[in-house]
Amino acid sequence: ATPTALMVGTGRGAQLGILIKGPEVLESTRRVDTVVLDKTGTVTTGRMTLLDVAVASGEDVNEVLRLAGALENASEHPIAQAIAAGAAQRTGQLPSVEGFTNIEGLGVQGVVDGHAVLVGRVRLFADWAQQMPADLQLAKAAAEEEGRTAVVVGWDGAARGVLVVADAIKPTSAQAIRQFRDLGLTPILLTGDNETVARSVAQQVGIDEVFAEVLPQDKVDVVKRLQDQGKVVAMVGDGVNDAAALAQADLGLAMGTGTDVAIEASDLTLVRGDLRAAADAIRLARKTLSTIK
Ligand code: ADP
Ligand code: MG
């Protein structure tokens, strides 16, 4: 392969909205047979909105919103921002937080109005003596059945509410996944979100294989395991929690709409955050290299 011909390929990439780190990237792009896709912010827009609030009997909706919103106001997670915005809209100004801690891939904790508050996945509440009330479990299951994300709110040892947030699937995702299949690639969904939500999103965009409830530090192991099985893996992601997996993959593709950390860890950047550009990149790499040979 002559450097000049490869540079032509990368120039065409820029026109398609794909930024390529260097011409050597085209070779691994051509060999890829598996595409691992992060869910939030990659297959979906990542712009979540607060849709619904369910509270345990005896609890006050506004209080659940106020304490959860105050805590989430300190977090940059898309789920957190949706909850903070929705809570502020319904309850007015949110109180301040002390001792805010982000528990990567699980949720957040802190002290609001003298209460020790937790917001996040059920696993966060594992140490609490009291079981999650049945009405909350039902509300959570119903939301997840529809592909929505339900997070639990609790304080001072008891789960008190469930907040339902939803994140729209990008209108171009299903088409991009058909294009991956046309190129002979196997799409796989990888997410920290729970199994039911992940399956529902996967089904809506045409993905059969799903790795759900994967903690941020374990995403890289999923990529390694696929590589151990002889797969040549492209990983597409947007978040800080995807960076290690993006670096480990044979080809890392970052959403241009994502975090700088993800972009830095990647070989290619999809400028517009449109997944179809990933299929374009692979098609382009194959064509560029076949004209050189
Ligand atoms: P993804 O892999 O889909 O980008 P993350 O690894 O960031 O998701 O988060 C996994 C799950 O942890 C979320 O679906 C949510 O249930 C929970 N979670 C993480 N951060 C928060 C937060 N700030 N507030 C509420 N829930 C959270
Ligand atoms: Mg993400």
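Here, the structure is the one placed above.
Residues numbered from 1 in each chain as written. Chains lettered and ligands numbered in written order. Predicted model: local features only at pLDDT ≥ 70, side-chain atom pairs only at ≥ 80, totals over all residues.

A closer look at the site of ligand 1
Inference 1: Lining the immediate surroundings of ligand 1 are 23 residues, of which T40, H77, A80, G192 and D193 lie closest.
Inference 2: Breaking the shell around ligand 1 down by element, the ones donating at least two residues are helix 3 (39–43), helix 5 (78–91), strand 5 (107–112), strand 6 (115–120) and strand 7 (149–155).
Inference 3: In the shell around ligand 1, the residues fall into seven nonpolar, 11 polar and five charged.
Inference 4: Residues from two domains meet in the shell around ligand 1; each of domain 1 (3–45 + 169–292) and domain 2 (47–167) gives at least three. (Near = placed C-beta within 6 Å. Helix = DSSP H or I, 4+ residues; strand = E, 2+ residues; numbered from the N terminus. Nonpolar A, V, L, I, M, F, W, Y, C, P; charged D, E, K, R; others polar. Domains from an automatic or database assignment.)

Quick look at the packing of helix 4 (residues 61–72) against helix 5
Inference 1: Following both chains from N to C, one finds helix 4 and helix 5 inclined at 135°, their axes separated by 8 Å at the closest point. Classed by the angle they form, the pair helix 4 and helix 5 counts as oblique. The two elements helix 4 and helix 5 meet at a crossing, and its hand is left-handed. When helix 4 is examined against helix 5, the residues N62, L65, R66, A68, G69 and E72 are found in contact with a partner set consisting of A80, I83, A84, A87, A88, R90 and T91.
Inference 2: Here the residues of the contact of helix 4 with helix 5 sort into seven nonpolar, three polar and three charged. (Axes fitted to C-alpha atoms, helices over the stretch in contact; angles between N-to-C directions. Parallel < 35°, antiparallel > 145°, perpendicular 65-115°, else oblique. Left-handed = near helix turned anticlockwise from the far one by under 90°. Contact = placed C-beta atoms within 7 Å.)

Brief notes about the pairing of strand 9 (residues 186–190)
Inference 1: Within strand 9, four of the five residues are buried, which leaves the element mostly enclosed by the surrounding structure.
Inference 2: Pairing geometry for strand 2 (residues 34–38) and strand 9, over five bridges, is parallel. Counted as the bridge partner of T34 is T186 from strand 9.
Inference 3: By the bridge criterion, three bridges tie strand 9 to strand 10 (residues 209–211) in an arrangement that is parallel. Looking across to strand 10, one finds that L190 is bridged to F211.
Inference 4: With respect to chirality, the unit in which strand 9 leads through helix 8 (residues 195–205) into the neighbouring parallel strand 10 is right-handed. (Buried ≥ 20, exposed ≤ 12 C-beta atoms within 10 Å, placed from the backbone. Pairing = 2+ DSSP bridges. Right-handed = clockwise from strand over helix to strand, strands pointing away.)

Quick word on the sheet that holds strand 6
Inference 1: Taken together, six strands build an open sheet; the order of strands is 3-8-7-6-5-4 and the sheet is antiparallel. The open sheet has two edge strands, strand 3 (44–55) and strand 4 (98–103), and neither has a second partner. Shown here is a sheet whose adjacent strand axes are inclined to one another by a mean of 20°, direction ignored.
Inference 2: Two strands pair when backbone bridges link them, and strand 7 and strand 8 (residues 158–169) are joined in this way by seven bridges, in the antiparallel orientation. Directly across from V153, in strand 8, lies its bridge partner G161.
Inference 3: Along the sheet face, helix 6 (residues 134–145) touches strand 3, strand 7 and strand 8 and points at about 5° away from the line of strand 8.

As for the pairing of strand 6
Inference 1: The pairing of strand 5 with strand 6 spans six bridges and is classified as antiparallel. When the bridges of strand 6 are listed, V112 appears paired with H115.
Inference 2: Here strand 5 hands over to strand 6 after two residues, with D113 in that stretch at a positive phi of 50°.
Inference 3: Where strand 6 and strand 7 come together, four bridges link them in antiparallel fashion. Looking at strand 7, one finds that L118 is bridged to G154.

Details of the sheet that holds strand 11 (residues 233–237)
Inference 1: A sheet is described by the order of its strands in space; here seven strands give the open sequence 1-13-12-11-2-9-10, paired in mixed fashion. Either end of the sheet is taken by a strand with one partner, and the two such strands are strand 1 (18–20) and strand 10. Across the sheet, the axes of successive neighbouring strands diverge by a mean angle of 20°, strand direction being ignored.
Inference 2: Running at roughly 160° to strand 11, helix 9 (residues 219–228) makes contact with strand 2, strand 9, strand 10 and strand 11 of the sheet.

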